[in-house]
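Descriptive structure summary
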Protein chains: 2
Amino acid sequence: MAHHELDELDEKILRMIVDNARIPFLEVARACGVSGAAIHQRVQKLTGLGVVKGSEFLLDAEKIGYETCAYVGIFLTSPSTFEYVVKELEKIPEVVECYYTTGQYDVLIKVFAKNNKDLLRIIHTELQPLGLSRTETLICFKEGFRKKLPIQFIEKEA
Amino acid sequence: MAHHELDELDEKILRMIVDNARIPFLEVARACGVSGAAIHQRVQKLTGLGVVKGSEFLLDAEKIGYETCAYVGIFLTSPSTFEYVVKELEKIPEVVECYYTTGQYDVLIKVFAKNNKDLLRIIHTELQPLGLSRTETLICFKEGFRKKLPIQFIEKEA
DNA sequence: GCTGAAAGGAGTTTTCT
DNA sequence: AGAAAACTCCTTTCAGC
């Protein structure tokens, strides 16, 4: 039903490029049995559709000086401050992700800090002044794993 | 103090490639005033050091069929089940991140699902059977933002 | 929408400094 | 460590189907 504009070739291309942004498109082309130009056009189409949002190199946070990672659940004083708070959170370099959530918190953010002391500084001198009702900090002392979603949007007809 | 092996050139290279994995290294070379071979060697060095962990294309989760994103906080029945639970969580395709945390929960995971109903299925038929004490679900109904950490590990001497 | 070819660039290796 | 050069391979475009 969804994604009438995407076919098996798109799926195969995405699977090949998603974990290695620097793979030569010609290699993808050979694996898919089409020309390099076709891959080039498909990736452009996928980018135009917004399916592909860009590419990036993955860095090890610890190795660039960020030893502490935490999620901070935020309770706002009033729902009307949502937009303001998020706009201000975005300005804090150490806050790398921000979600509006249902459930426990109003907003959930992911924060990197140099160390635990630095995390405290961020919470006390960067977050609290935004006029939050309360925060709850979940320090990630170990990353269990991180992986990619399966790419499979083609309907398998029975 | 840290990262004696990294210098300003490494920093500049990382800043240039981190948000665009397909940038030509020759373009980086010209911007840095060095040869393409130098960039090639530096990126290899950074990869060897584990600073660079790979590259990836970013896909729009909604556009590949995952409309619901949630964090699930997990309470274990006993600390001794940590490793088993994480190993089993890793086998669930929709669970894309997993952290050992201090604070509210024992484990925090990030889950993508096709829709809210699918999320419930995952929680009930995939997570609960692992023998968890309890779970708390935070549905992300909107992503506020997502960005990269600042890259700056060179000590600025006063 | 794809192919194939052509032209211009880029990636990678080697050699030298 | 990096430069320069050489070689290989890739990207991008376009005519043609």
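Named according to an unreviewed UniProt entry, chain A is HTH asnC-type domain-containing protein originating from Proteiniphilum saccharofermentans.

On to the protein's contact with DNA strand C, then. Taken together, 14 residues form the shell around DNA strand C, and within it Arg 22, Ser 35 and Arg 42 of chain A together with Phe 25 and His 40 of chain B come nearest. Of all atoms in DNA strand C that approach within 4 Å of the protein, 72% are sugar or phosphate atoms. Here a phosphate oxygen of DNA strand C sits 2.6 Å away from a polar atom, N or O, in the side chain of Arg 22 of chain A. For DNA strand C, a phosphate oxygen lies 3.1 Å from a polar atom in the backbone of Phe 25 of chain B.

The pair of chain copies shares a relation made of a rotation about an axis and a shift along it. Of the two same-sequence chains, chain B is brought onto chain A (RMSD 0.1 Å, axial shift 0.0 Å) by a rotation of 180 degrees. Each copy turns onto its partner about a two-fold axis. Taken as a fraction of all interface residues of chain B, those also at the interface in chain A reach 100%, which identifies the copy contact as same-surface.

Let us look at the domain arrangement of chain A. Domain boundaries in chain A define domain 1 (3-48) and domain 2 (62-140). On a C-alpha basis, the centroid separation for the pair domain 1 of chain A and domain 2 of chain A is 37 Å.

Now for the UniProt feature "domain: HTH asnC-type" (unreviewed entry) in chain A. Under the UniProt annotation, "domain: HTH asnC-type" (unreviewed entry) lies at residues 6-67 of chain A. The span residues 6-67 of chain A is 52% helix and 13% strand, and its two end C-alpha atoms sit 41 Å from each other.

Turning next to the packing of aromatic side chains. Residues and elements named next belong to chain B. Taken as a whole, this structure holds 9 aromatic pairs over all chains when the rule is applied. Between the aromatic rings of Phe 75 and Tyr 105, the centroid separation amounts to 5.4 Å while the plane-to-plane angle is 75 degrees, which identifies the pairing as edge-to-face. Highlighted residues: Phe 75 in strand S2 (residues 68-76) and Tyr 105 in the loop between strand S3 (95-101) and strand S4 (107-113), separated in sequence by 30 residues. Classification of Phe 75 by relative accessible area gives buried; the value is 16%.

Take the protein's contact with DNA strand D next. Taken together, 14 residues surround DNA strand D, and among them Phe 25 and His 40 of chain A together with Arg 22, Ser 35 and Arg 42 of chain B come closest. In DNA strand D, atoms within 4 Å of the protein come 74% from sugar and phosphate. In this structure, Arg 30 of chain A approaches DNA strand D through a side-chain N or O atom, which is 3.3 Å from a phosphate oxygen. Taking Arg 42 of chain B, its side chain carries an N or O atom lying 2.2 Å from a phosphate oxygen of DNA strand D. Contributions of two or more residues to the surface near DNA strand D are made by helix H2 (25-32) and helix H3 (36-49) of chain A together with helix H3 (36-49) of chain B. When grouped by side-chain class, the residues that make up the surface near DNA strand D number 8 nonpolar, 3 polar and 3 charged.

Cut-offs and rules
Residues numbered from 1 in each chain as written. Chains lettered and ligands numbered in written order. Predicted model: local features only at pLDDT ≥ 70, side-chain atom pairs only at ≥ 80, totals over all residues. Heavy atoms only, no water. Near = heavy atom within 4 Å. Polar contact = N/O pair within 3.5 Å; in protein donor to acceptor, adjacent residues only side chain to side chain. Least-squares fit on C-alpha atoms with pLDDT ≥ 70 in both. Contact = heavy atoms within 4.5 Å. Domains from an automatic or database assignment. UniProt positions renumbered as here; feature names shortened; annotations may be inferred. Helix = DSSP H or I, 4+ residues; strand = E, 2+ residues; numbered from the N terminus. Phe/Tyr/Trp six-rings, centres within 6.5 Å; stacked < 30°, edge-to-face > 60°. Buried < 20%, exposed > 50% of the residue type's maximum accessible area, 1.4 Å probe, protein only. Nonpolar A, V, L, I, M, F, W, Y, C, P; charged D, E, K, R; others polar.

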